[in-house]
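Here's the letter readout for the chains.
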Amino acid sequence: MEFQKDNSFFKGRLKSVSYAFNGALKLISTEHSVMVQFSVGILLSIAGFYFGITASEWLFQTLAIGLVMSIEGLNTAVEKIADFIHPEYHERIGFIKDIAAGAVFFAAVTAIIIGLIIYLPYISGI
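As the structure is a computational prediction, the values presented were derived from the model and not from experiment. (Residues numbered from 1 in each chain as written. Predicted model: local features only at pLDDT ≥ 70, side-chain atom pairs only at ≥ 80, totals over all residues. Heavy atoms only, no water.)

1. A short note on the pattern of salt bridges
Under the definition given, this model contains two salt bridges. Salt-bridge contacts for E31 lead to K80; the nearest nitrogen and oxygen are separated by 3.2 Å. Within this pair, whereas E31 is found in the loop between α1 (9–30) and α2 (32–51), its partner K80 is found in helix α3 (residues 55–85), the two being separated by 49 residues in sequence. Close ionic contact of K97 with D83 constitutes a salt bridge, the shortest N to O distance being 2.7 Å. Of this pair, K97 sits in helix α4 (residues 91–124) while D83 sits in helix α3; the two residues are 14 residues apart in sequence, bridging distant segments of the chain. (Salt bridge = Lys/Arg side-chain N within 4 Å of Asp/Glu carboxyl O. Helix = DSSP H or I, 4+ residues; strand = E, 2+ residues; numbered from the N terminus.)

Printed below as a string of structure tokens:
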């Protein structure tokens, strides 16, 4: 099948959005780590409504959830490409996959810190 460029700006953007939406659905429905992160994001959103967090807190929480989900998606893409290129274990491929997982770790730790800053005062009554 030959690639055909879509010359219509609006139609092209709609296609791009549909590809991105389908990719997000694939991530949420097939990748266990993304399922966990998505579930945590939903729970934190419910907690935000329950505790009545401020607009600024919503901004930080939303940014943290989006950051973790985005980096998790990129990590998944790196892993899938690495497994496609070299299905057997290889030390350099393992190194690349570890670095991608490390990026998720940094994002997750940042999100945890943001969550603690937001919710500890509500939980402890400070």
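Additional details are given in the paragraphs that follow.
2. Observations concerning the confidence of the model for the protein chain
In the predicted model, the protein chain carries a mean pLDDT of 93, and 94% of its residues have values of at least 70. Put simply, α1 is where the protein chain has its lowest mean pLDDT, 90, and α3 is where it has its highest, 97. (pLDDT = per-residue confidence, 0-100.)

3. Observations concerning the packing of α3 against α4
Packing of α3 against α4 leaves a shortest axis separation of 9 Å and a crossing angle of 165°. When the axes of α3 and α4 are compared, the pair comes out roughly antiparallel. Both α3 and α4 take part in a crossing whose hand is left-handed. The residue makeup of the contact of α3 with α4, split by class, is 20 nonpolar, two polar and five charged. (Axes fitted to C-alpha atoms, helices over the stretch in contact; angles between N-to-C directions. Parallel < 35°, antiparallel > 145°, perpendicular 65-115°, else oblique. Left-handed = near helix turned anticlockwise from the far one by under 90°. Nonpolar A, V, L, I, M, F, W, Y, C, P; charged D, E, K, R; others polar.)

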